[in-house]
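Residue-level structural notes
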Amino acid sequence: MLYRARQALCRTWFELNCSSLRRTLPIEAYDERLTVVTMLRHGDVFMYLLAVKSFCKYVGCYPTVVILDDGSLTKSDREIIVSHIPKARITNFAEVAPARCPKGSCWERLLLVSDLSKDSYVVQVDADTLTVKPIPEVKECIDRNRSFTLLGDGSYPKVEPMINASARARTNPSTEVQAVCERSFDQLQQSGSLKYIRGNAGFVGFAKGSVTRDKIEWFSDLMRSIVKEKWDEWGSEQVASNLVIANCDNSYALEFPKYLSFWAHLHVPYEDAAFIHFIGPHRYSQAFYLKCARKVIPTLDRSEKRNHPKERLAALP
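The structure reproduced in this document is the subject of the present report. Treat the numbers as computed from the prediction; the structure is a model and nothing was measured. (Residues numbered from 1 in each chain as written. Predicted model: local features only at pLDDT ≥ 70, side-chain atom pairs only at ≥ 80, totals over all residues. Heavy atoms only, no water.)

**Some thoughts on empty space enclosed by the protein**
For the structure on display, the rule yields 2 cavities of 30 Å³ or more. Approximately 30 Å³ is the volume attributed to the second largest cavity. Breaking the lining of the second largest cavity down by element, the ones donating at least two residues are helix H4 (107–116), strand E9 (199–206) and helix H9 (236–246). The class makeup of the residues in the lining of the second largest cavity is 5 nonpolar, 2 polar and 2 charged. (1 Å grid on protein atoms, 1.4 Å probe; cavity = no way out; pocket = protein on both sides within 12 Å on 5 of 7 lines; lining within 4 Å. Points joined across faces, edges and corners; volume = space filled by probe spheres on them. Helix = DSSP H or I, 4+ residues; strand = E, 2+ residues; numbered from the N terminus. Nonpolar A, V, L, I, M, F, W, Y, C, P; charged D, E, K, R; others polar.)

Next up, the structure:
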């Protein structure tokens, strides 16, 4: 209870000090060759606008914007979103067709991504992220229709054989679903032919045609066969996302520390990062999120005024 109260107070302070974001120009989101997807809840609308506007600025185009409402968005939330992204498409998570995998815990988001990726490159962007500098590696992945993922904290920095990932995971005693799954990979008959990457689902690029419902269900069935009901816990969707990305052709792990999550580690040069995921436990630590946001917000309008969307449309596949 105390943690939630503290986080709410910090969020209010953050939004107050970044209120100029509300006066930035709306973004034109219309290019169907690239789709940006975010699962969004009521309390994160302000952060989300900052995340998507900064991403669009540095990715250099105006993608189609799809928001998956977790069921908590209010009429006012939707009005605010549309005022900043007039063509945003807002879908309720209950509208996503079910599949043979767990319910909730972001699984509807992954299923929605699979539906959209039939016709578009899809980037999953969490609301608590911020793009602060150019991201040419991401632009190249999009242009080449190459899947990518943000790395998890302390992750092995590339796609590797599943057997190797399983051996490395044995040193992790955590009982969280991701750690349990990773330690259990060697129990899979298919482990010799599969790959894995310990990614972070907060920022993932899915190449057009790279993920299908059949593939998601297949991975889900495999993991349930070895970890049983554990697979229904929060975090299993990230494991599935990691498996999808790792087993795509030529997938790319975004280089750390240019792309990272903010854990407030003293030895990490966060100031050099281009893309930052401000995870919950440390989101407001050291006021670093606020510092970065206040630098980015004044540049958003200038970007909009300098280049009309139709003049800087990226050459996407």
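**Considering the layout of surface pockets**
Approximately 1,300 Å³ is the volume found for the largest pocket. When contributions to the lining of the largest pocket are tallied by element, the ones reaching two or more residues are helix H1 (2–17), strand E1 (31–40), helix H7 (177–184), E9 and H9. In terms of residue class, the lining of the largest pocket is made up of 14 nonpolar, 14 polar and 13 charged.

**Structural notes on the nonpolar core**
Across soluble globular proteins, nonpolar side chains show a tendency to be buried alongside one another. The biggest cluster of nonpolar side chains holds 64 residues, and the ones touching the most others in it are Phe14 and Phe203. Sort the elements by how many residues they give to this core and helix H2 (residues 45–59) lands first, with 11 residues. Dropping the residues within four chain positions of it, phenylalanine 203 is found in contact with Phe55, Val123, Gln124, Val125, Val138, Phe148, Thr149, Leu150, Leu254, Tyr259 and Phe275. Listed in part, the 42 residues of the second largest apolar core include Trp107, Leu111, Leu151 and Trp231. (Core = buried A, V, L, I, M, F, W, Y, C linked by side-chain atoms within 4.5 Å. Buried < 20%, exposed > 50% of the residue type's maximum accessible area, 1.4 Å probe, protein only. Contact = heavy atoms within 4.5 Å.)

**What to know about the packing of aromatic side chains**
For the structure on display, the rule yields 16 aromatic pairs. Between phenylalanine 14 and tyrosine 284 the ring centres are 6.0 Å apart and the planes differ by 55 degrees, which places this aromatic pair in the tilted class. Within this pair, whereas phenylalanine 14 is found in helix H1, its partner tyrosine 284 is found in the loop between strand E12 (275–277) and helix H10 (288–306), the two being separated by 270 residues in sequence. Considering the side-chain rings of phenylalanine 185 and tyrosine 196, the 4.7 Å spacing of their centres and the 65 degrees angle between planes classify their relative orientation as edge-to-face. (Phe/Tyr/Trp six-rings, centres within 6.5 Å; stacked < 30°, edge-to-face > 60°.)

**Observations concerning the packing of H4 against helix H8 (residues 213–227)**
Contact pair H4 / H8: the axes reach a minimum separation of 9 Å and the direction vectors enclose 145 degrees. Listed contacts from H8 to Trp107, Leu110, Leu111, Ser114 and Asp115 of H4 are Arg213, Ile216 and Ser220. The residue makeup of the contact of H4 with H8, split by class, is 4 nonpolar, 2 polar and 2 charged. (Axes fitted to C-alpha atoms, helices over the stretch in contact; angles between N-to-C directions.)

**As for the sheet that holds strand E3 (residues 89–92)**
Pairing is mixed across the open sheet formed by 7 strands, whose spatial order is E3-E2-E1-E4-E9-E6-E10. Every interior strand has two partners, whereas the edge strands, E3 and strand E10 (252–253), have only one. Here E1 runs beside strand E4 (residues 121–125); their pairing, made up of 4 bridges, is parallel. Of the residues in E4, the one forming a bridge with valine 37 is glutamine 124. Sheet strands in contact with H4 are E1, strand E2 (63–69), E3, E4 and E9, and its direction is about 175 degrees off that of E1. Relative to the sheet, H9 contacts strand E6 (148–151) and E9, its axis offset from that of E9 by approximately 40 degrees. (Pairing = 2+ DSSP bridges.)

**Quick look at the environment of leucine 222**
On the secondary structure map, leucine 222 appears in helix H8. When its relative accessible area of 10% is taken as the criterion, leucine 222 is described as buried. When the C-alpha positions of leucine 222 and valine 37 are compared, they lie 26 Å apart, and in sequence the two are 185 residues distant. Among all residues touching leucine 222, those that are not within four sequence positions of it are Leu188, Gln190 and Leu194.

The values reported here are purely geometric and, on their own, carry no functional implication.
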